Structures are given as C-alpha cells and as structure tokens.
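Given next are the chains, with one letter for each unit.
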2 protein chains.
Amino acid sequence: MVVDGLIRRLDAINQIGYKENEGITRLALSEEDERARDMVIRMCEDLGLKVRKDAVGNIWARKEGTDPNLPSVMVGSHIDTVPNGGRYDGTLGVMAAIEVIHWIYKKEICHRHPIELVVFVAEESSRFNIATVGSKALAGNLSVSKLKSHKDANGISLYDALLQRGYEPDRLETAILPPEKAKAFVELHIEQGSVLEKENIDIGIVEAIAAPIRLQIQLIGQEAHSGACPMEDRRDALSAAAEIILSVEENGRKESKHKTVATTGNCKVFPGAMNVVPGEVYLYIDIRGIDLQSMLRVLNAVIDHTEKVCKKRDIQYTIEVLSQERPVLLDRDLMEQVKQNCRRLGLTYKEMPSGAGHDTMNIAKIIPAALIFIPCVGGISHNKKEEVHLKDLENGLSILFETIISLAK
Amino acid sequence: MVVDGLIRRLDAINQIGYKENEGITRLALSEEDERARDMVIRMCEDLGLKVRKDAVGNIWARKEGTDPNLPSVMVGSHIDTVPNGGRYDGTLGVMAAIEVIHWIYKKEICHRHPIELVVFVAEESSRFNIATVGSKALAGNLSVSKLKSHKDANGISLYDALLQRGYEPDRLETAILPPEKAKAFVELHIEQGSVLEKENIDIGIVEAIAAPIRLQIQLIGQEAHSGACPMEDRRDALSAAAEIILSVEENGRKESKHKTVATTGNCKVFPGAMNVVPGEVYLYIDIRGIDLQSMLRVLNAVIDHTEKVCKKRDIQYTIEVLSQERPVLLDRDLMEQVKQNCRRLGLTYKEMPSGAGHDTMNIAKIIPAALIFIPCVGGISHNKKEEVHLKDLENGLSILFETIISLAK
C-alpha cells in the first residue's frame, strides 16, 4: 500500500509535544495531548466521519456501512505518550486507522458494517499511575472513586483533569460499550520489543497480553550522619533497597522462560543528601507476564526477600499492591482471520505474547479483539529513539486495511 | 553553670525554619538562614559586641580584651542546617559561645586577649554540594571559580547566592584569616554519633577530623519498555546501581576497624517511570575516615567494582570525584588544656575522632584549633529528632566557658 499519507499524518501529529533532542511528550490530558486530539478530530471530520467524545474523552469517529443496524467494526489506539516518548507507540494505530478509512473512501469500497475509529484517552500510566483509562471505561472496569484517587505529580486527580478538559467523569457509566454494538476491535501497534526484528518476521499476531502486577515498597530505616554513624549502627534504607532491586531482577530472570519480566522502575531516596545515611526509600516495581502463576512466583519471592532483608537490617517496610491484573487471552478466530490476511498479502507472521499492556486487553473482555504488531528498530520504545522501517509501516497499513475490510464486508 | 540562658537562645533561633513534624530547615544562604543570622547579630549587639560580616558572609562579633594588640581567641560554629535538621548541630556551638560571652560580661571577667565569635557561612553541603564554605574561605582554600561551579537544585550558584545576599564573593581573598591575628579557635558541637552516650562519658576531645571523599557515579544503560523488553536483553542502570550501593556498604564495613565509613546518600533514577527499565542512574557516595590509606582502599574497591559491574552489564559509566580531602589532626597542646579544664570541672572525657567534617578542620590548618563534643541522644543528628540531655548542655557550656577563659586570660 502507498504509505505517504500515513507518514504525512504521523509527521503532522508528532509536531505536537515534540522538542529537539527530547522526543515527544504528550502526557494524558495535558495541553499537548488535547491539541493532538483536536488534530485527530479535524482529520476525521475532513474525511467526512461523524465524530463524538464520550464521558471520559474517548474520541469516536464513525463511517456508516450499508446496513446501519449491524454492529460496528472498531479500530483504534491512543495518542498520549510517556515523557520523552517516540513517534509510533499508540499514535501509529490511530493514524493508520484514519489512513485505512481514507482509502476505503477513496477506493469506494462497499462495507455492510459501520467502521468506528476509537482514540482511547490516557493509555499511558506516566501521568496518573493508571494505564488504559479510556478502554477500562468502555469495559466498565473503572469507578468515579478510582478517577478521584489517581493523582499526578502536582496532586491533580484524573477526575479533576477530565473535568478541566470538559468531560463528564460523573457520567462514567455512559461510556460503557454494550457488547451488541460492536462486532470486533482491531489495534495496530509497534512491538516495543525486538522479537520480530531478530527473527525477521513481518507481523506479530498477539495471542495474549501480559498484565502488570505493580508494587510500591516503602522502606523506613534511620537517618544518620554519614560521617559520624559507624557502619555497624546503621539502618540504611537504600542498602536494603539495593538488595530488593537485585532480587526483583533475579526473580524476573528465573521466570523468563515463562515470558515473565520484573522491573524496578524507580527508587526515591529521602532525605537524599550526600551526608545523610538514607532513612527512607520508595521502590516502584512492575511484574508482567502472560502466565499468572509465574507472575505470582515472582511477586511472592520479592515479598519474601523484602521481609528477610528488612528483618536482617532492622528496617520497617510496607508493601502496597498498586494494581494486579490478569493476563488476557485474545480471540482465536480473529487471530485466524489476521493470519489468512497475512498469507494473502505474502507477509510472514508469528503468534506472540505482548509484554506491554494495551487498550485491546480491556476491549477483549467484552468483544472479540485483535492486536497486530509490526517490528520497531532495536525493540526500542517509550523513548525518543523509537523508529520503524518504511516497509514495516507499509506492511502494518496493509494488514490493518485487509483486516478491517474483511471484518466490515 | 546555669543553662537557662542557653536554652532560651536555642529556643529563639530554632523557631526560624521550624515546621511541626518536619524539624528545622535553614539551608545555607536561604531566607531562613539569613533571618537566623540576623537574630545572631541582634543577640551579639545586645551584649555590646562589635559585629561585622566578611566578604563571604561569615559573621564576626568581637569583645575587646585589655590588650587590643594581642591575637584573639576565636569561638564559633554555624547555624545553617540540613533539610529537616535538628536543634543542635552547629547552632549549639554558636548559642553557647554567645552565652559564654554573656557570662564573661556579667561576671566582669578580665581577659587580655580579644574574644571573637565567628559564625561560619554554609557549613552544610546540602544545598550547594560543598561543605564548610565559610571556614574554607578563612583558610584560603576556596576560589571564585569554585563558588561559581557549585550550584543548588535550582541552578543557583553559590557565587550568585552570596551576591544575592549582599556579600562580595569577588573579594573572597579579603576573608582569609592572617594567622597572627588569632591565638586559637574552639568549637563546641554535638557528637552526632553514639560513642559518648554508650560509654557514658561527658566530653569528647577530638583528636582528628575525618575527611570525606565524595563521588558521583553516572550509569548509562538503555531505557526499554518494562513489559516488552525480555530480561536477557536489558541494560538496566538501576540494577547496576544496586550492585554498586551494596559494594559501597560492604567496603565501608570491611574498613570500619580503621574508623572508615562509606555511604550512598542518594540514587536518582531516569526516567523513573514504573513502566520503563531505568536508562540512567546517578549515585552520590561519601567515604570518610581519619586514616587516608583506609579511605583510599574503599575508594579503589568501589571504582573497581563499578568497572566490573558495568562491563558485565554493558553499562557506560563516569566517576567524578567531587571532593577529596585529607583527615586533619588537631592541636595536642589545646587538647591537653581542654583535658585539664575537664578535670577541674569534674567531667569525664575521652579522646576521639570526628567522623563528621566541621569548620574546625579548615581553621586547624592555620591556627591551633580544638573541637569539643557533648553526647547527643541515640547518636541521632541531621534529623528532626536530634536531642541533647540537659546535663550535657550544662557540661558543654561549662567546658566552653572554662576553655575560652583559660585561653583569653
């Protein structure tokens, strides 16, 4: 397929939030995010789509089919980013969907089912420490109290941010998607890993989406003067944290044969002065996999090790489970259909798990949903260096086009 | 000695920068620090002392002796604090000196030598990552370029902060103390450790002051998605940091028989998001002792370990030595004089090293200087819980009074 239009769309939207040498920052519901969402709406309206926003700010853009009573074929992703993120994570799925609809118009392809683009709000957890907000709302897996409890670094709650942007968080339940309204959902995304690239495969057909278990561990030792407090009298919260960080990694490695991974993403030290033995440390840990038992083995090993380390070092601790989700298996029939389309297009493909969470995992709980990967260079993502080869953009656009057409016909 | 006056002075000054449950924060050259320094000046002027400030903002308050041509007896400490610090670190030495001078006036004690209180500027390194600024200036161990290169978290340099407070950093050399102008310097301080308390001893007479070697280690791995990047493909800067933090502790413990200690005071993680494998980490390390060879063994072991860990993990690193000072031996004659005064007052005493750095270590390089410790509860310091028993305040005030009188007579 001709890929120029997709590239123009990506170039246009990725001006928003871009800074030289810093990549793209469009945090959920930020000024930049909102400007990019306005651009998406303009693109959709230019095509002639009917656009609306739901109570939590998901954007819906609908192209009617020949039979308006049939359930719609949904396609979409998100356009918010992590801090200093890249051009493709989420954004590709939205821009490719718009381009597919553009081509359906242009080629005057007849389809019975309506086609609906959905741009999910707040997919990234970077701002509010909660991911895939928009698709959670569709799946009825969100509450007003949850919107109020998740706050950003400035203390602004997700609830207040939604209000501020003119949405209606109190009418959350009106965003729930009745299953009979949609036939299927398809999301195109970059792999964010290097499996496809290493194995030189065109398309990844996701069989299951890993779910994160997220922990916050607080360690309370005793602040002391770094010069005057003898080594044997110390209750150093950072040294305890170091043992736990290594345990997270070790247990992730142990379970990697089950495709489980474990990460300590942040370590905050208080008071954090050069001349003070750290008195308090917070660790933020993310355990993911598609095998729940394997994930729980990592979780339990990290908890056990934390207890052991803290006992040995006379450190107090609390462990808070911030989220604990289950891996989601995707629809085998839809996967089969995507495979057929790959074969028709002459693309190589592979069934694979998704280590990252995606909106698809929430939608898959209510309707059949497919997640399609294309390779990204070096597996690099959540990073300004995120890159995709031209041929892979082309392949992604083609497989999305074929899949939407085959579902909507 | 009657201790009420000292307590009143401590209460008064420690209102400044105090917040309930947070302790006292008077960062060097902050608004709070400046207000506290104004209060010191008022206290001195109320006694009738002649007050001046030098080019870097050290406060000098002079009581003439009967022979104005004799060199002065200097006494003092500092009143800036670490973030969320306590009531006594530094502040005790200044308030006790003022109280001693008050009693010398009150008892109309005749002394030949002038007595000069000096309140050193920016003793704590918390704000500008450089300690004992005021006394370094007196010892001629500071340069304008150094003042410009040390910046706080907001990018304000020590140089600019001095200018902003109305001092004259460009005239730094005018602050140098000509050795012939002063006979001796005495500083009273809390121990900031628990040796005196554990051994039930009244007074610590410091024989040597430990010097810090300070390092910043930068570790550069590769940011990656915490779900999609397999364990075996990771270059996790935080896991590498954890190994180094444990090595700092281990090597500090190994050398603790030589009274060396080693601390990682802070660990900054970038980007620090829950769903990103950390790409970059900064560690801030402080190695202290009174045995330079022992300190260097820790330094070299930490450097070797960093190299090994980074090689194994394919992590790039830089090690910057922020400061490297030598331990300072104090004047034996002065120590002997303090001991005599202890015996006269019926106080138990002990020769000991100081693990923490103090202004005394800079002054000791140009004139005879003494550092006198009293116990603090639980050895806790650099902390809002810093506490001193009443009898120890009394003992501290008495020994300082006796020592100043015996030197100034």
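So, how was this worked out
- Residues numbered from 1 in each chain as written.
- Chains lettered and ligands numbered in written order.
- Predicted model: local features only at pLDDT ≥ 70, side-chain atom pairs only at ≥ 80, totals over all residues.
- Heavy atoms only, no water.
- Least-squares fit on C-alpha atoms with pLDDT ≥ 70 in both.
- Contact = heavy atoms within 4.5 Å.
- Phe/Tyr/Trp six-rings, centres within 6.5 Å; stacked < 30°, edge-to-face > 60°.
- Helix = DSSP H or I, 4+ residues; strand = E, 2+ residues; numbered from the N terminus.
- Buried < 20%, exposed > 50% of the residue type's maximum accessible area, 1.4 Å probe, protein only.
- Lys NZ or Arg CZ within 6 Å of the ring centre and 35° of its normal.
- Pairing = 2+ DSSP bridges.
- Axes fitted to C-alpha atoms, helices over the stretch in contact; angles between N-to-C directions.
- 1 Å grid on protein atoms, 1.4 Å probe; cavity = no way out; pocket = protein on both sides within 12 Å on 5 of 7 lines; lining within 4 Å.
- Points joined across faces, edges and corners; volume = space filled by probe spheres on them.
- Nonpolar A, V, L, I, M, F, W, Y, C, P; charged D, E, K, R; others polar.

(A) Local environment of the relation of the copies chain A and chain B. Least-squares fitting of chain A to chain B yields an RMSD of 0.2 Å, with the transformation described by 0.3 Å of translation along the axis and a rotation of 180 degrees. Taken together, the turn and the small shift mark the pair as related by a two-fold rotation axis. Considering only C-alpha atoms, the part of chain A nearest the rotation axis is Ala242(A), at 2.2 Å. A shared binding surface is used by both copies, with 98% of the interface residues of chain A retained as interface residues in chain B.

(B) Seen up close, the packing of aromatic side chains. If you walk through the whole model with that rule in mind, you get four aromatic pairs over all chains. Consider the rings of Phe270(A) and Tyr282(A), whose centres lie 6.0 Å apart with planes at 90 degrees: the pair is edge-to-face. Taken together, the residues Phe270(A) in strand β11 (residues 261-270) and Tyr282(A) in strand β13 (residues 280-289) connect sequence positions 12 residues apart. For Phe270(A), a relative accessible area of 38% puts it in the partly exposed group. Note that Lys148(A) overlies the ring of Tyr159(A), its terminal NZ or CZ placed 4.6 Å from the centroid. Of note, Lys63(B) hangs over the ring of Tyr105(B), and the distance from its end group to the ring centre comes to 4.5 Å.

(C) Inspection of the sheet that holds β11(A) at higher detail. Residues and elements named next belong to chain A. Read from one edge of the open sheet, four strands run β11-β13-β9-β14, paired in antiparallel fashion. The open sheet has two edge strands with one neighbour each: β11 and β14 (316-324). On average, each strand axis in the sheet is tilted by 15 degrees relative to the strand beside it, whichever way the strands run. By the bridge criterion, eight bridges tie strand β9 (residues 211-220) to β14 in an arrangement that is antiparallel. By the bridge assignment for β14, Leu219 is matched with Tyr317. Contacting β9, β11 and β13, helix α8 (residues 237-254) crosses the sheet at an angle of about 5 degrees to β13.

(D) Here's a closer look at the layout of surface pockets. Residues and elements named next belong to chain A. Roughly 1,200 Å³ of internal volume is contained in the largest pocket. In terms of lining, the largest pocket is formed by 50 residues, of which the most central are Ser125, Ser126, Asn129, Ile130 and Arg214. Of all the secondary structure elements, the ones that give two or more residues to the lining of the largest pocket are β9, β11, β13 and β14. Here the lining of the largest pocket takes four residues from β14, the largest share from any one element. Residues that form the lining of the largest pocket fall into these classes: 16 nonpolar, 20 polar and 14 charged. Looking at the second largest pocket, its volume works out to about 650 Å³. Class assignment for the residues of the lining of the second largest pocket results in nine nonpolar, 10 polar and five charged.

Read these as layout, nothing more, since geometry by itself doesn't imply function.
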